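The chain contents come next:
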Amino acid sequence: MNHPARTGSGPQENAKWLSPESHAAVLEVTARLKDQPGALLPILHGVQEALGYVPEGAVPLIARELNLSRADVHGVVSFYHFFRTRPSGKRIVYLCRAESCQAMGAAALEAHVKQRLGIDFHETTDDGAITLEPVYCLGNCACSPAMLVNEELHGRVTPERFDAWLKTAREAS
């Protein structure tokens, strides 16, 4: 028996079904935006805004509604780093990986941050508090290395400054 919100019937689809609420949200966004030229990107942004991410189960549903292949939709989701396929943490930490930041020690900072958080890029801490993402320029080259946390830009970030930020963030939670 198929779950009413499942988006496929194959064995791989069984693990990727959407809740009825998520299914309805994807259909609402798709119905509202599908007649726009180049509707796929606005729909993906709309789904991520509504759900916080683009669930794997949304891909075949969006593909069906737009008469696209699943590969087309998956390709766009995986190409653009902005789209998340898993829920993010309360705070998203973007570490700059551009040349200026690299020249000013971003690789060592990246290793420290990953070790301190216990996660890699595109992952979320076990407590759901922090998601770590790479970014390829924050426009803060004069203050490299830089990180962005939600909407707050931090410059000249060192391992010690990151640790101080992390301590404050955890205490505020």
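This text goes with the structure placed above it.
This section reports on the structure supplied with the text. On a predicted model such as this, the values are computed, not experimentally measured, just so you know. (Residues numbered from 1 in each chain as written. Predicted model: local features only at pLDDT ≥ 70, side-chain atom pairs only at ≥ 80, totals over all residues. Heavy atoms only, no water.)

Let us look at the packing of helix 7 (residues 106-117) against helix 8 (residues 159-172). For the pair helix 7 and helix 8, interaxial distance at closest approach is 10 Å and the crossing angle is 30°. In terms of orientation, helix 7 lies roughly parallel with respect to helix 8. The chirality of how helix 7 crosses helix 8 is right-handed. The residues of helix 8 that touch helix 7, namely those facing Leu-109, His-112, Val-113, Arg-116 and Leu-117, are Pro-159, Phe-162, Asp-163, Leu-166 and Arg-170. A breakdown of the residues in the contact of helix 7 with helix 8 according to their chemical character gives six nonpolar, one polar and three charged. (Axes fitted to C-alpha atoms, helices over the stretch in contact; angles between N-to-C directions. Helix = DSSP H or I, 4+ residues; strand = E, 2+ residues; numbered from the N terminus. Parallel < 35°, antiparallel > 145°, perpendicular 65-115°, else oblique. Left-handed = near helix turned anticlockwise from the far one by under 90°. Contact = heavy atoms within 4.5 Å. Nonpolar A, V, L, I, M, F, W, Y, C, P; charged D, E, K, R; others polar.)

Overall, the coordinates contain four aromatic pairs when judged by the stated rule. Note on Phe-79 and Tyr-80: the rings are 4.9 Å apart at their centroids and 90° apart in plane angle, and the pair reads as edge-to-face. A relative accessible area of 37% means that Tyr-80 is categorised as partly exposed. Considering the side-chain rings of Tyr-80 and Phe-83, the 6.3 Å spacing of their centres and the 85° angle between planes classify their relative orientation as edge-to-face. Among the aromatic side chains, those forming a connected cluster through ring pairs are Phe-79, Tyr-80, Phe-82 and Phe-83. (Phe/Tyr/Trp six-rings, centres within 6.5 Å; stacked < 30°, edge-to-face > 60°. Buried < 20%, exposed > 50% of the residue type's maximum accessible area, 1.4 Å probe, protein only.)

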